[in-house]
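# Notes for the structure review
Given next are the chains, with one letter for each unit.
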Amino acid sequence: RWALRRKEAGDAVAASGGKEAGRLSALLENPALRLPIQAVLLAVFCTLPWFVTTYQTNILISFLLYVVLGLGLNVIVGVAGLLFLGHAAFYAIGAYSYALLNQYFGLGFWVALPIGGVVAALAGVALAFPVLRLRGDYLAIVTLGFGEIVRLLLENFSDITGGPSGISNIPRPGLLDMQLSVAGANIYIYYIVLALALVTIVAVSRLKDSRIGRALQALREDEIACEAMGID
């Protein structure tokens, strides 16, 4: 009897939580309230680093980086419905490309940053060709193996990548040839990552509503029907 009452109480709490989540979702989807809520959130994130510590600013930077990574993964897994398990490998390829270009070729932040993104994108294209015909568990196994290969390469080429310790003492980005303090550099990096996160949010939103996005959503629902309708 006690277990039954406990289960009923848990079901009631879950139902009330579901109702609250539904109300919050409906509130955010309201066109009249969407723009004010977005404006308030943007204002909060723009002013937040001035009211927190340097450590908390680092946490916010990591948070925004994971927002970008999550949005990118959502395009593959959520929109297209592909079971992809190698997303972190592209994060590593881009990060290490930037670090190695800075360490061995002396390239600055603004030069090495876009090159790192291009290298990660090229790695994605290179992986796409051999897995183009795979689906389901087979796609998951191949992409998981790709992620493990990248991790093992980065850890074992210790003379170049620093092994498990990674690459340290990368210079902080400067502002108009001025070297910033640790706190100032953290705030500067925060606004860079915030801008990239906003660009990613807008790009992913427009992609989902575009012709390609509709095709990806159709692919998620039924791949065979997509091919029958002429979608490549």
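A brief report on the enclosed structure follows. (Residues numbered from 1 in each chain as written. Predicted model: local features only at pLDDT ≥ 70, side-chain atom pairs only at ≥ 80, totals over all residues. Heavy atoms only, no water.)

## Quick word on the overall build of the chain
As a reminder of what qualifies: Under the scheme used here, helices are H or I runs from DSSP no shorter than 4 residues and strands are E runs no shorter than 2 residues, and both carry numbers assigned from the N terminus. Here, residues are in contact when the closest pair of their heavy atoms is within 4.5 Å. Here the accessible surface of atoms and residues is derived via Shrake-Rupley with a 1.4 Å probe, and residues count as covered only by protein chains that are part of the display.
Helices and strands together make up the secondary structure of the chain, namely 10 helices and zero strands. Along its sequence from the N terminus, the chain presents helices and strands in the succession α-α-α-α-α-α-α-α-α-α. Expressed as a percentage of contacts within the chain between residues at least 6 apart in sequence, the contacts between residues at least 24 apart total 63%. Total accessible area on the chain is roughly 15900 Å²; 68% of this is exposed by carbon and sulfur atoms.

## Regarding a nonpolar patch on the surface
Counted only if it meets this: Every patch collects residues that have over 30% relative accessible area and no salt bridge, joining them within 9 Å if they carry like charges and within 5 Å if they are nonpolar side chains (Val, Leu, Ile, Met, Phe, Trp, Tyr). Any carboxyl oxygen of Asp or Glu within 4 Å of a side-chain nitrogen of Lys or Arg constitutes a salt bridge here.
On the surface, Tyr104, Phe105, Ile149, Leu153, Phe157 and Ile160 cluster together into a nonpolar patch covering about 650 Å² of accessible area. Those elements giving two or more residues to the nonpolar patch turn out to be α4 (87–105) and α6 (136–156). As for its position among the elements, Ile160 is in helix α7 (residues 158–161).

## Side note on the packing of aromatic side chains
The criterion, for reference: Any two of the Phe, Tyr and Trp rings considered here, Trp counted by its six-membered ring, make a pair once their centres fall within 6.5 Å; the pair's planes then place it as stacked at under 30 degrees, edge-to-face at over 60, or tilted in between.
What the rule picks out here adds up to six aromatic pairs. Centre to centre, the rings of Phe45 and Phe63 are 6.2 Å apart; their planes meet at 5°, and the pair counts as stacked. Note that Phe45 is positioned in helix α2 (residues 31–47) and Phe63 in helix α3 (residues 54–79), a separation of 18 residues in sequence. Three or more aromatic residues joined by ring pairs make a cluster, and in this case those are Phe84, Phe90 and Phe146.

## Re the pattern of salt bridges
Spelled out, the test is: For each residue, the accessible area found with a 1.4 Å probe, counting protein chains only, is set against the maximum for its type, and the residue is called buried under 20%, exposed over 50%, and partly exposed in between.
Counted by the stated rule, this structure contains four salt bridges. Note that Glu155 is salt-bridged to Arg151, the shortest N-O span being 3.3 Å. You can see Glu155 and its partner Arg151 sitting in helix α6, four residues apart, about one turn around the helix. Overall, Glu155 belongs to the partly exposed group, its relative accessible area being 32%. Taking relative accessible area as the criterion, Arg151 reaches 36% and is therefore assigned partly exposed.

## Topic: the packing of α3 against helix α9 (residues 211–221)
Filter applied, for reference: To obtain an axis, a line is fitted to C-alpha atoms, over the contacting stretch when the element is a helix, and the angle between two such axes runs from 0 to 180 degrees between their N-to-C directions. Convention used here: angles under 35 degrees read as roughly parallel, angles over 145 as roughly antiparallel, angles from 65 to 115 as roughly perpendicular, and any remaining angle as oblique. Residues are grouped as follows: nonpolar covers Ala, Val, Leu, Ile, Met, Phe, Trp, Tyr, Cys and Pro; charged covers Asp, Glu, Lys and Arg; every other residue, Gly included, is treated as polar.
For the pair α3 and α9, the least separation of the axes is 9 Å and the interaxial angle reads 45°. Considering their axes alone, α3 and α9 lie oblique with respect to each other. Of α9, the residues touching α3 (which contributes Val75, Gly78 and Val79) are Gly213, Leu216, Gln217 and Arg220. Within the contact of α3 with α9, the residues separate by chemical class into three nonpolar, three polar and one charged.

## Digging into the side chain of Thr200
As for its position among the elements, Thr200 is in helix α8 (residues 182–208). Excluding anything up to four places from it in sequence, Thr200 contacts Val68 and Leu71.

## A few points about the nonpolar core
Selection rule: Only buried residues count toward a nonpolar core, which is a set of Ala, Val, Leu, Ile, Met, Phe, Trp, Tyr and Cys residues joined through side-chain atoms within 4.5 Å.
Within the largest apolar cluster, 12 residues are counted, these being Phe84, Ala89, Phe90, Ala92, Ile93, Ala123, Leu127, Val131, Leu139, Phe146, Val150 and Leu154. Looking at this core, the elements that each hand over two or more residues are α4, α5 (109–128) and α6. For Phe90, the contacting residues outside a window of four places in its chain are Phe84, Ala120, Ala123, Gly124, Leu127 and Phe146. In this structure, Leu60, Leu64, Val193 and Ala197 belong to the second largest nonpolar core, which totals seven residues.

## Examining unusual backbone geometry
For Asn169, which is not a glycine, the phi torsion comes out positive at approximately 60°. Relative to the helices and strands, Asn169 resides in the loop between α7 and α8. Given a relative accessible area of 76%, Asn169 falls into the exposed group.

## Some points on the environment of Leu107
Tracing the backbone through its elements, the reader meets Leu107 in the loop between α4 and α5. Filtering out sequence-adjacent residues up to four positions away, Leu107 remains in contact with Leu101, Asn102, Ala112 and Ile115.

## Some words on the environment of Tyr91
Its location among the elements puts Tyr91 in helix α4. Judged by its relative accessible area of 36%, Tyr91 is partly exposed. For Tyr91 and Leu65, which are 26 residues apart along the polypeptide, the C-alpha to C-alpha distance reads 10.0 Å. Discounting chain neighbours no more than four positions away, the residues touching Tyr91 are Leu65, Tyr66 and Leu69.

Fair warning: the whole summary comes from geometry, so function is off the table for now.
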